[in-house]
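Now for the letters of each chain:
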Amino acid sequence: VSLLYLITQQGIRFARARSVGLGIAGPIFTIVGLLFGVWQFDRGEIKRTQTEYQLLARKDKIEFERKLWFERLSTYRSIAEQAGKIATTDKRDKRFKQYVQVFDASYWGLMIFVEDPAVERAMIDFHVEVVDYEAGKSNGNRLKLRADELVKACRKSVEPGTAP
């Protein structure tokens, strides 16, 4: 047996082994590649879903804040009207008591939900001034000044960029 024959036989066996090895390794690499692709796709879908949930949560928060702002604006407008009626009505007028009762209902009602600290302070000051005015310890001009302070606090509270 010649050396050339042995080298050729060994080369054929090596080529055959390499071919079989590649025949086995090829599908394994394909399966691993597919599994990696599926895993990568799944991770992308999870991240996309998380991002969508975060965007929805942020959208819901913005919508809630917008609704609260509109509610605050409506309530402050009502309070401003009530304060104006109280400040411009003589305490001996029978409507004065009605105006004060409506103001007190707002004071203890929805205002607690929507007011910010500055408006709360102005509401308290106005309420105390009304009580003093009814008792004769204050005059109409001081009551008008407190009403003006209350309306200014309400306006400042609903200006853009001043959310509580």
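The coordinates are above.
Structure report, in brief. Keep in mind that what you see is a predicted model, and the values were worked out from it rather than measured.

Some thoughts on the overall build of the protein
- Summing up its helical and strand segments, the protein has five helices and zero strands in all.
- In terms of overall size, the protein is more extended than a compact globule, its C-alpha atoms giving a radius of gyration of 40 Å where 164 residues would be expected to give roughly 15 Å.
- Seen through its C-alpha atoms, the protein measures out along the principal axes to roughly 135 × 20 × 20 Å.
- Going through the 164 residues of the protein one by one, you find that 21% of them count as buried.
- Pairs at least 24 residues apart make up 65% of the contacts formed inside the protein by residues separated by at least 6 positions.

Focus: a nonpolar patch on the surface
- Together, Val20, Ile24, Ile28 and Val32 give the surface a local cluster of nonpolar side chains, amounting to about 360 Å² of exposed area.
- With respect to the helices, strands and loops of the structure, Val20 is situated in helix H1 (residues 3-88).
- By relative accessible area, Val20 is classed as partly exposed at 47%.

What about the side chain of Thr75?
- By the secondary structure assignment, Thr75 is in helix H1.
- A residue is classified by how much of its surface remains accessible, and Thr75, at 7% relative accessible area, is buried.
- Setting aside chain neighbours within four positions, we find Thr75 in contact with Leu110, Met111 and Val114.

So, the packing of aromatic side chains
- Scanning all chains against the criterion turns up six aromatic pairs.
- Ring geometry for Trp69 against Phe70: centres 5.2 Å apart, planes inclined by 75 degrees, an arrangement best described as edge-to-face.
- Connected via pairs of aromatic rings, a cluster forms that spans Phe103, Tyr107, Trp108 and Phe126.
- Just above the ring of Tyr133 sits the side chain of Lys91; from NZ or CZ to the centre is 5.2 Å.

Regarding the packing of helix H2 (residues 94-108) against helix H4 (residues 117-135)
- Interhelical geometry of H2 versus H4 gives an angle of 155 degrees and a closest axis separation of 12 Å. Of the possible angle classes, the one that applies to H2 and H4 is roughly antiparallel. Handedness of the H2/H4 crossing: left-handed. Residue-level inspection shows Phe96, Lys97, Val100, Phe103, Asp104 and Tyr107 of H2 in contact with H4, the latter providing Met123, Ile124, Phe126, His127, Val130, Tyr133 and Glu134.
- In terms of residue class, the contact of H2 with H4 is made up of nine nonpolar, one polar and three charged.

Each value, and the rule that gives it
Residues numbered from 1 in each chain as written. Predicted model: local features only at pLDDT ≥ 70, side-chain atom pairs only at ≥ 80, totals over all residues. Heavy atoms only, no water. Helix = DSSP H or I, 4+ residues; strand = E, 2+ residues; numbered from the N terminus. Rg over C-alpha atoms; globule rule 2.2 N^0.38 Å. Buried < 20%, exposed > 50% of the residue type's maximum accessible area, 1.4 Å probe, protein only. Contact = heavy atoms within 4.5 Å. Patch = residues over 30% accessible without salt bridge, like charges linked within 9 Å, V, L, I, M, F, W, Y side chains within 5 Å. Areas by Shrake-Rupley, 256 points an atom, 1.4 Å probe, with all protein chains shown as cover. Salt bridge = Lys/Arg side-chain N within 4 Å of Asp/Glu carboxyl O. Phe/Tyr/Trp six-rings, centres within 6.5 Å; stacked < 30°, edge-to-face > 60°. Lys NZ or Arg CZ within 6 Å of the ring centre and 35° of its normal. Axes fitted to C-alpha atoms, helices over the stretch in contact; angles between N-to-C directions. Parallel < 35°, antiparallel > 145°, perpendicular 65-115°, else oblique. Left-handed = near helix turned anticlockwise from the far one by under 90°. Nonpolar A, V, L, I, M, F, W, Y, C, P; charged D, E, K, R; others polar.

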